[in-house]
Amino acid sequence: MNKRFPRMPRTLAILASLGMFGVNPMAIANDGKRQAPPAKYIEECASCHAPFPAKMLPAASWTTLMSSLDRHFGTDASVDAATAITLSQWLRDNASRRMSTRPPEDRLTKGSEFLREHREISPAVWSRPTIKSAGNCAACHTNSAEGRFSEHDVRIPKQ
Amino acid sequence: MNRMTPLITTLSASLFFPLLAAAATPQEQLATYVQNAGGRADASAGQAFFNAKHGRDWSCATCHSATPTVSGKHATTSKAITPLAPSADAARFNDVAKTEKWFRRNCNDVVGRECSAAEKANVLAWLISLKP
């Protein structure tokens, strides 16, 4: 045993250092239930769009998206190298395991998982002024800003 | 010194030093840009720069609104963007790394290159001058 770092404090130190990189130590400790996205994911990705669930794209799509963030659907969404490594790993670890093909342009909203989950939504609903875009998650998913997309939290606006 | 001291020192440094290193007020960040720009900032030039298109589809105002004491909206995703003026949102311009990251990303989108220290000084001087 390392004399300077007795066992219990070393565990704390590891958890604390994970916190520095935006990984929520509680998410790791909380086995079983679906983990909340890392704080870095919310900070870096959810500034411009909802923190999309990682499971809505296959790992290959996430790898491609994360390697071209400086040209991300028409905008520069680049992150520093350490953040890119952390987020890429988390996205791949939590990616869809049943999607066998990548959607066009790796667009999550064109993927089979997204289309399946939204199959009951008619074109008329999508075109409502308060919704308009398939990427406008917050229009209906009231807790999407925190990465929560449960069906219980869905409120579809009337117009 | 007991044997916990190195651990406590390491933890304290790793938890708090990054915050101390990056924290700065909007005025302190403006002072740095002004210094790097050669001495002065022009708020009205900043307003013009903010509201102009620079040969591309978007201006800063496209997403942040022309008077960013109010919320803006992302041009493609429609996601709400909190007001950019520090007087309207205390979380704005309080972290040097964050400020630099967003200038880098957004200047690339709007201007097609990184912004100069003078351009950043002008825009920030104008934003600081705005009152809700």
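This is a predicted model, so every value here is computed, not measured. (Residues numbered from 1 in each chain as written. Chains lettered and ligands numbered in written order. Predicted model: local features only at pLDDT ≥ 70, side-chain atom pairs only at ≥ 80, totals over all residues. Heavy atoms only, no water.)

1. Points about the confidence of the model for chain B
Residue and element names in this part refer to chain B.
Okay, step 1: The predicted model of chain B averages 89 in pLDDT, with 83% of residues at 70 or higher.
Okay, step 2: Note that residues 9–15 has pLDDT below 50 and, in this model, six contacts with residues that lie over four places away or in other chains.
Okay, step 3: Taken over the whole predicted complex, pTM reads 0.77, whereas the ipTM for its chain interfaces reads 0.79. (pLDDT = per-residue confidence, 0-100. Contact = heavy atoms within 4.5 Å.)

2. As for helix H4 (residues 59–66) of chain A
Residue and element names in this part refer to chain A.
Okay, step 1: Within H4, the full set of buried residues consists of Ser61, Trp62, Leu65 and Met66. End-on view of H4: buried residues confined to an arc of 125°, all on one side of the axis.
Okay, step 2: Packing partners of the buried residues in H4 comprise helix H3 (39–45) and helix H5 (81–93). (Buried < 20%, exposed > 50% of the residue type's maximum accessible area, 1.4 Å probe, protein only. Helix = DSSP H or I, 4+ residues; strand = E, 2+ residues; numbered from the N terminus. Arc of directions from axis to C-beta.)

3. Examining the packing of aromatic side chains
Residue and element names in this part refer to chain B.
Okay, step 1: Summed over all chains, the structure comprises four aromatic pairs over all chains.
Okay, step 2: Centroid distance Phe50 to Trp126: 5.2 Å. Interplanar angle 55°. Geometry classified as tilted. Of this pair, Phe50 sits in helix H3 (residues 43–51) while Trp126 is found in helix H6 (residues 117–129), placing the two residues 76 residues apart along the sequence.
Okay, step 3: Between the NZ or CZ atom of Arg105 and the centre of the ring of Trp102, over which it lies, the distance is 4.5 Å. (Phe/Tyr/Trp six-rings, centres within 6.5 Å; stacked < 30°, edge-to-face > 60°. Lys NZ or Arg CZ within 6 Å of the ring centre and 35° of its normal.)

4. Notes on the state of the cysteines
Okay, step 1: With the rule as written, the count across this model stands at one disulfide over all chains.
Okay, step 2: The disulfide partner of Cys107 of chain B is Cys115 of chain B, and the S-S distance across this bridge is 2.1 Å. Looking along the S-S bond of the Cys107 of chain B-Cys115 of chain B disulfide, the torsion reads about -100°, which is the left-handed sense. Like Cys107 of chain B, the residue Cys115 of chain B is buried in the burial classification.
Okay, step 3: Distance from the sulfur of Cys137 of chain A, which forms no disulfide, to the nearest cysteine sulfur (Cys140 of chain A) is 9.1 Å. (Disulfide = S-S within 2.5 Å.)

5. Re H3 of chain B
In an α-helix there are 3.6 residues to a turn, and that puts residues three or four apart on one side.
Residue and element names in this part refer to chain B.
Okay, step 1: Residues of H3 that are buried: Gly46, Phe49 and Phe50. The buried residues of H3 all sit within an arc of 100° when viewed along its axis, so they share a single face.
Okay, step 2: Turning to H3, the residues buried within the fold contact helix H4 (60–64) and H6.

6. So, the side chain of Lys101 of chain B
Okay, step 1: Note that Lys101 of chain B resides in helix H5 (residues 96–110).
Okay, step 2: When its relative accessible area of 10% is taken as the criterion, Lys101 of chain B is described as buried.
Okay, step 3: At a separation of 2.9 Å, a polar atom in the side chain of Lys101 of chain B contacts the side chain of Glu44 of chain A.
Okay, step 4: With near-sequence residues (within four places) excluded, Lys101 of chain B lies in contact with Glu43 and Glu44 of chain A. (Polar contact = N/O pair within 3.5 Å; in protein donor to acceptor, adjacent residues only side chain to side chain.)

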